[in-house]
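Chain by chain, the residues run as shown.
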Amino acid sequence: MSIYDSLNTEQRKAVEHTEGPVLILAGAGSGKTRVITHRIAYLMDECGVNPWNILAITFTNKAAQEMRERVDKLIGFGAESIWISTFHSMCVRILRRHIQEIGYQTDFTIYDTDDQKTLMKEVCRNLRINTKELRERTILAAISSAKDELLTPRRYQETHQYDFMQKQIGEAYEEYQRLLHKNNALDFDDLLMKTVELFNAREDILRNYQDRFRYIMVDEYQDTNTAQFELVRLLAGTKETGGRNLCVVGDDDQSIYKFRGANIRNILDFEKVYPDAFVVKLEQNYRSTQMVLDAANAVIDNNRNRKSKALWTRKQEGSRIHLRQFNTAMEEASFIAEDIERKKDLQPSLNYRDFAVLYRTNAQARLLEERLIMGSIPYNVVGGTNFYERREIKDMLAYLKVIDNGRDDLAVRRILNVPRRGIGAATVEKVSHYAVVCGDLGFFETLEKLCDGPVTGILSNAALGKIRPFVELIRSFRAELEEGASLEDLMKSIIGKTGYEEYLRDTEEEDADDRLANIDELISKIVSYEEEAQELPDFAEQAGDTSLLTGFLADVALVADIDEMDGNQDRVLLMTLHSAKGLEFPQVYIAGLEDGLFPGYLSINSDDRDAMEEERRLMYVGITRAMDDLTLTCAHSRMLRGEVQYNPVSRFVTEIPDELLDERTGLPEFSSYRTSSQWGGASRPQQSAYPRQSAYRQPAPEPPARRDTRLKAVYVKPHTPDEKKPFIGKASAGLASLQKGMPASEKPDYETGDRVRHVKFGDGTVLAMEKGPKDYKVTVLFDDAGQKIMYAAFARLEKL
DNA sequence: AAGCTATCCATCTGC
DNA sequence: TGGATAGCTT
């Protein structure tokens, strides 16, 4: 009996067809990851392929990690030498070794969306672009699409010279690239484009990688853009070079990233580019009930531009799709919270982690959060405000960036006056001007020159007196690093020497504790990065000849929201439909199903019919996340940007045949909804008289009274360390007060003197515990790692 | 230099 | 609604 016996016929074909181009059209839940992992195992076990000759590209770091684990389980050895990574981290690895060939330094930094915006502001200032008429974001979007299509500034200008605005964009693009280069920085799109550029410039380097990656697999192929396609095409090579052993896996029905450059033609035309491609369709679904699949098929059937396929399952028919409509978004949110509890009561085997609530826009999370908190239901929100986008984290990272790459002007300017050093805009202006005069020196370099050299007449002595300590400070950090300080030590030194903690406490007493906790969290991320790097045999190879710090900063720049998701905690998960791709849950809610919200008004008003088709694919992705039970909800009115909006029921709901939708069991007051005219099966929602009053005037069902106490009991259960994350994102700042009352800040089950265990630091003794406003601050003396002060909620200490 | 208020205006989705 | 920013005050 072999590991391949568990595969179905089609899966097995896909696994065993190892040579030449292969296209696997894998419907949702058709065991795609199984196929890829088994294929890798097959290559190594049966075909004698070396693990280091295999490259597998996934969409997220999380997927990469999971794939490595699964391959590891399958073959037991050698999996660590396979390249499994995302496009972006693969490009970073390659560029770290070779980017000097195309004129950058190997310790380049990566700019995130925020940095891009800051840089673009400077571009617009330099070029006197009126940002009222042409917004930075518009320019950035245009540049991003250009890069996705591998258009250089020059090529862009050649093809966009007739329209004034496009001409301006062309110039902005050129200037933007100049500044990026000056800062030795790349943006996300550059990572791909520069790698292609490198391969085109240096055939020998390309040949090198072609020789190395004899077998290439690309997951989520429907979401690749032109640059990614080109990259893969180059690496796969020809029969002579590289071998063309390229296997792509995807589902055109799940292509949902057009807005970020994904080109659905990549998958639709794969057979045109590779006429000899072997094509396999995986249509058997192992995830969902027939009812869910029927709904998904019915919806996606309205799309014209697709390869036809139909999912089927051997799973039971399942219960019908639940559809609930409410007056307001508040009621909708309440219902979801209550329904989760109701289902758990009905089916005690269900855990919180079996539930996911999906929505179109991150803004919807807020209301849902509020109601979940009110119901004491533990949850996590995926995404929204990324951890690394928080101000205090960006400040810390900026220090690290300046220490690492003195040419990153943005970072220097960010921290120059943080904490306050009395260095203001006037001084910055003078310094940047002088930098230009000196022939485009870096900002920090200029500061150094002003401090060290006998330059006079630029800055007042008062200003110099403020700048000098800053320059010295950065130099001292660099010295520490050179003398072998760990990144952890460095971070602590930064906090200590800058007085960042006091700065936070002085300026924003309100959430200073949250922010400090975030910084603690950053430190523990650094610690685990350092540990992992030490364990990794080929770290040096990955990093080129750059430092640990450079590596850490790059890693940080490339984390996606979904990478941070922890599915192991017993919590309901809230996330956008986009983030949900690739995941599955027994119980799924899709909220906010209203025309104007989902599909969004932009796609409704768009001339491009494909915009609507993309929304529909998103709906398809949402539906197919459900294993057993799917609940669709919508509201007549919801508050959007400060005003109440009235939207008709989503057209996607009406695309689901009546017989797949349930009777409103248990909630009789809702049964009238379905009988109103707009719920008539396939008929389009009449965009008619909103708001409609009479039929919908019923209050949200009251929660059963007993619920609260019972829940709290669950919540506090000692073996369920369901701590709230101390940080409260911008998006949910208003929830902070609600959360304060939560049992989350319950006293930990250990006390001073107890022995405890930490995931990273090992065992230790609690020296002190101090109650902060939201959480306990615990001081622990670890046997190996020394003394640490941490927040109880983060530390996740386990009493021994 | 830094903190405050008034005013504008907009954002879907994310590496 | 709330964030970003311009312009004002101290």
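Residues numbered from 1 in each chain as written. Chains lettered and ligands numbered in written order. Predicted model: local features only at pLDDT ≥ 70, side-chain atom pairs only at ≥ 80, totals over all residues. Heavy atoms only, no water.

**Things to note about the overall build of chain A**
Line of reasoning, step 1. Check the secondary structure of chain A and you find 34 helices and 22 strands.
Line of reasoning, step 2. When the 800 residues of chain A are sorted by exposure, 58% land in the buried category.
Line of reasoning, step 3. Taking as baseline every contact in chain A between residues at least 6 positions apart, the subset at least 24 positions apart corresponds to 75%.
Line of reasoning, step 4. Carbon and sulfur atoms provide 49% of the accessible area of chain A, an area that totals close to 34200 Å². (Helix = DSSP H or I, 4+ residues; strand = E, 2+ residues; numbered from the N terminus. Buried < 20%, exposed > 50% of the residue type's maximum accessible area, 1.4 Å probe, protein only. Contact = heavy atoms within 4.5 Å. Areas by Shrake-Rupley, 256 points an atom, 1.4 Å probe, with all protein chains shown as cover.)

**Here we look at the protein's contact with DNA strand C**
Line of reasoning, step 1. Taken together, Lys121, Arg366, Arg641 and Gly642 make up the full set of residues near DNA strand C.
Line of reasoning, step 2. Put simply, 42% of the atoms of DNA strand C that lie within 4 Å of the protein are in sugar or phosphate.
Line of reasoning, step 3. The contact in question runs from a base nitrogen of DNA strand C to an N or O atom on the backbone of Arg641, over 3.4 Å.
Line of reasoning, step 4. For DNA strand C, a sugar or linking oxygen lies 3.2 Å from a polar atom in the backbone of Gly642.
Line of reasoning, step 5. Grouping the constituent residues of the surface near DNA strand C by class yields no nonpolar, one polar and three charged. (Near = heavy atom within 4 Å. Polar contact = N/O pair within 3.5 Å; in protein donor to acceptor, adjacent residues only side chain to side chain. Nonpolar A, V, L, I, M, F, W, Y, C, P; charged D, E, K, R; others polar.)

**Considering the protein's contact with DNA strand B**
Line of reasoning, step 1. Surrounding DNA strand B, one finds 26 residues, the nearest of these being Arg135, Arg360, Asn362, Gly424 and Ala560.
Line of reasoning, step 2. In the environment of DNA strand B, a phosphate oxygen lies 2.9 Å from a nitrogen or oxygen atom belonging to the side chain of Asn417.
Line of reasoning, step 3. Take Asp561: an N or O atom from its main chain is 3.3 Å from a phosphate oxygen of DNA strand B.
Line of reasoning, step 4. Listing elements by their share of the surface near DNA strand B, those giving two or more residues are α19 (425-437) and α27 (577-580).
Line of reasoning, step 5. Per-element tally for the surface near DNA strand B: the top contributor is α19, with three residues.
Line of reasoning, step 6. By residue class, the composition of the surface near DNA strand B is eight nonpolar, 11 polar and seven charged.

**What to know about the sheet that holds strand β6 (residues 215-218)**
Line of reasoning, step 1. The strand order across the open sheet formed by six strands is β3-β2-β6-β7-β1-β8, and the pairing between neighbours is parallel. The sheet is open, and its two borders are formed by β3 (83-86) and β8 (278-282), each paired with just one other strand. Between one strand and the next, the sheet's axes are offset by a mean angle of 15°, whatever the strand orientation.
Line of reasoning, step 2. As defined by bridge partners, strand β2 (residues 54-58) adjoins β6 across four bridges and the pair is classed as parallel. Along β6, the bridge assignment pairs Ala56 with Met217.
Line of reasoning, step 3. Sheet strands touched by helix α4 (residues 87-98): β2, β3 and β6. Its angle to β3, the strand with the most contacts, is close to 115°. (Pairing = 2+ DSSP bridges. Axes fitted to C-alpha atoms, helices over the stretch in contact; angles between N-to-C directions.)

**Some points on the side chain of Glu122**
Line of reasoning, step 1. As for its position among the elements, Glu122 is in helix α5 (residues 113-127).
Line of reasoning, step 2. The charged side chain of Glu122 is buried without a salt bridge, its nearest counter-charge being Arg413 at 4.2 Å.
Line of reasoning, step 3. With residues near it in sequence (within four places) discarded, Glu122 still touches Leu179 and Arg413. (Lys, Arg positive; Asp, Glu negative; His and termini not counted. Salt bridge = Lys/Arg side-chain N within 4 Å of Asp/Glu carboxyl O.)

**Brief notes about helix α6 (residues 136-148)**
Quick reminder: α-helices carry 3.6 residues per turn. Residues three or four places apart thus point the same way.
Line of reasoning, step 1. The terminal C-alpha atoms of α6 lie 18 Å apart, and with 13 residues this matches the ideal 18 Å at 1.5 Å per residue to within 8%.
Line of reasoning, step 2. Buried residues of α6: Glu136, Ile139, Leu140, Ala142, Ile143, Ala146, Lys147 and Asp148, and no others.
Line of reasoning, step 3. Next to the buried residues of α6 lie α5, α7 (153-159), α8 (164-182), β5 (185-187), α9 (188-201) and α11 (226-236).
Line of reasoning, step 4. The first or second residue beyond α6 is Leu150, which carries a positive phi of 65°. (Expected span 1.5 Å × (residues − 1).)

**Brief notes about the pattern of salt bridges**
It is possible for side chains of opposite charge to pair when their charged atoms get near one another.
Line of reasoning, step 1. This structure, assessed with the given rule, holds 59 salt bridges.
Line of reasoning, step 2. Across the salt bridge formed by Lys32 and Glu220, the nearest N and O atoms sit 3.2 Å from each other. With Lys32 in helix α2 (residues 32-45) and Glu220 in the loop between β6 and α11, this residue pair connects regions lying 188 residues apart in the sequence. Pair check on accessibility: Lys32 and Glu220 agree, each one buried.
Line of reasoning, step 3. With a closest N to O distance of 3.2 Å, Glu448 and Arg475 form a salt bridge. Here the residue Glu448 occupies a position in helix α20 (residues 443-452), and Arg475 occupies one in helix α21 (residues 461-482), the gap between them amounting to 27 residues.
Line of reasoning, step 4. Within this structure, Lys32, Asp219, Glu220, Asp223 and Lys581 form a network of salt bridges that share partners.

**As for a nonpolar patch on the surface**
Line of reasoning, step 1. On the surface, Met639, Val644 and Tyr646 cluster together into a nonpolar patch covering about 310 Å² of accessible area.
Line of reasoning, step 2. Relative to the helices and strands, Met639 is located in strand β16 (residues 626-640).
Line of reasoning, step 3. What makes Met639 exposed here is its relative accessible area of 59%. (Patch = residues over 30% accessible without salt bridge, like charges linked within 9 Å, V, L, I, M, F, W, Y side chains within 5 Å.)

**A word on the pairing of strand β11 (residues 322-328)**
Line of reasoning, step 1. Within β11, six of the seven residues are buried, leaving the element largely enclosed by the surrounding structure.
Line of reasoning, step 2. Two elements, β11 and β16, share six bridges in a ladder whose sense is parallel. The residue of β16 that forms the bridge with Leu323 is Leu632.

**As for the confidence of the model for chain A**
Close reading of the predicted structure is inappropriate where its pLDDT is low.
Line of reasoning, step 1. Of the residues in chain A, 85% reach a pLDDT of 70 or more, and the chain-wide mean stands at 84.
Line of reasoning, step 2. Looking at the elements of chain A, mean pLDDT is at its lowest for helix α32 (residues 707-716), recorded as 21, and at its highest for strand β15 (residues 585-590), recorded as 98. (pLDDT = per-residue confidence, 0-100.)

**A word on a positive patch on the surface**
Line of reasoning, step 1. A cluster of basic residues, Lys117, Lys121, Arg125, Lys132, Arg135 and Arg137, forms a positive patch at the surface.
Line of reasoning, step 2. No other element matches α5, which puts three residues into the positive patch.
Line of reasoning, step 3. Tracing the sequence through the fold places Arg135 in the loop between α5 and α6.
Line of reasoning, step 4. By relative accessible area, which is 46% here, Arg135 ends up partly exposed. (Charge placed at Lys NZ, Arg CZ, Asp CG, Glu CD.)

**Some words on the nonpolar core**
Line of reasoning, step 1. In terms of nonpolar packing, the biggest core is built from 54 residues, with Leu397, Leu400, Leu447, Met491, Leu522 and Phe552 touching the most fellow members.
Line of reasoning, step 2. Beyond its immediate stretch of four places on either side in the chain, Leu397 contacts Tyr388, Leu522, Phe552, Leu553 and Val556.
Line of reasoning, step 3. Among the nonpolar cores identified, the runner-up in size contains 47 residues, and Leu23, Ile99, Leu231 and Ala277 belong to it. (Core = buried A, V, L, I, M, F, W, Y, C linked by side-chain atoms within 4.5 Å.)

**Points about the side chain of Lys147**
Line of reasoning, step 1. Topologically, Lys147 is positioned in helix α6.
Line of reasoning, step 2. Taking relative accessible area as the criterion, Lys147 reaches 1% and is therefore assigned buried.
Line of reasoning, step 3. A polar atom in the side chain of Lys147 sits 2.7 Å from the side chain of Asp187.
Line of reasoning, step 4. Excluding residues that lie within four positions of it along the chain, Lys147 makes contacts with Tyr173, Tyr176, Gln177, Leu180, Asp187, Asp189, Asp190, Met193 and Ala227.

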